[in-house]
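Structural features, examined
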Amino acid sequence: MKRVALLISGGGSNMETLVRDMTGDHPARPVLVVSNVPGAGGLAKSQALGIKTAVVDHKPFKGDRAGFEGALQDVLEQARPDIICLAGFMRILTERFVSQWEGRILNIHPSLLPKYKGLNTHARAIDAGDREAGCSVHQVTADLDDGPVLGQARVPVLPNDTPDSLAARVLAQEHLLYPAVLRRFASGDTTPVRLPAPKG
Ligand code: GRF
């Protein structure tokens, strides 16, 4: 049974979806939820789900990224995760940290990578006149939003979409994609997940 730690910064809807999926014959179980933001909504959700939580506030480490990551590493090592899922985690992780977990750390990004790495993905897709948008789950490497893609979900961009309406449509797909990818990844299968599933 694989042990999964989940990192959040906010509401944790992706974390919650992943935790709720890790039951029965799922090859993994959640062992810890860590937030870099004290009082993040996802912490209460985790506690309601009976998952151990921790907070590593990045603010006291202002400008000391290595110090923050060292504290994060200590908390993670105690939980002995086999897999780390970044789920709405909004800190950039350095090569030093990632190298200790490379190959075992996933992230969900709200764009069809390699398009729109970084922030404001939905506004950028709309401004570019894209007819399609979506989300990607990828392995985390030292380069931001750049690792091997393990799954993608596509949604239409509608003529009157705003960044918020597109974000809501994509988020619904994130909640389908990430659990599907984690199930495969935890069973050792890195065949990419494609949603909607190809016909036939
Ligand atoms: C989502 O848009 C996700 O793509 C990004 O963070 C946002 C919030 O996610 N990574 P959550 O509700 O905190 O899981």
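Residues numbered from 1 in each chain as written. Predicted model: local features only at pLDDT ≥ 70, side-chain atom pairs only at ≥ 80, totals over all residues. Heavy atoms only, no water.

1. Re the sheet that holds strand β6 (residues 132-139)
Ordered in space as β3-β2-β1-β4-β5-β6-β7-β8, the eight strands form an open sheet in which the pairing is mixed. The strands lining the two open edges of the sheet, one partner per strand, are β3 (53-55) and β8 (193-195). The sheet shows a mean angle of 20° between the axes of neighbouring strands, direction not considered. Of the strand pairs in this sheet, strand β4 (residues 83-86) and strand β5 (residues 105-109) are connected by three bridges, and their pairing is parallel. Looking across to β5, one finds that Leu-86 is bridged to Asn-107. Strands β1 (2-8), β2 (28-35), β4 and β5 of the sheet are contacted by helix α1 (residues 13-21), whose axis makes an angle of about 165° with β1. Packed onto the sheet, helix α6 (residues 163-186) meets β1, β2, β4, β5, β6, β7 (149-156) and β8 and runs at close to 155° relative to β7. (Pairing = 2+ DSSP bridges. Helix = DSSP H or I, 4+ residues; strand = E, 2+ residues; numbered from the N terminus. Axes fitted to C-alpha atoms, helices over the stretch in contact; angles between N-to-C directions. Contact = heavy atoms within 4.5 Å.)

2. Quick notes on the nonpolar core
Counting 34 residues, the largest nonpolar core has Val-4, Leu-6, Cys-85, Leu-106, Leu-177, Tyr-178 and Leu-182 as its most contacted members. Ranked by residue count, the leading element in this core is α6, at eight residues. Once you skip the residues sitting within four places of it in the chain, Val-4 turns out to touch Met-22, Ala-28, Arg-29, Pro-30, Val-31, Leu-32, Ile-83, Cys-85 and Leu-182. In terms of nonpolar packing, the next biggest core, distinct from the first, is built from 20 residues, Val-34, Leu-72, Ala-79 and Ile-105 among them. (Core = buried A, V, L, I, M, F, W, Y, C linked by side-chain atoms within 4.5 Å. Buried < 20%, exposed > 50% of the residue type's maximum accessible area, 1.4 Å probe, protein only.)

Scope: geometric values only; no functional claims are made or implied.
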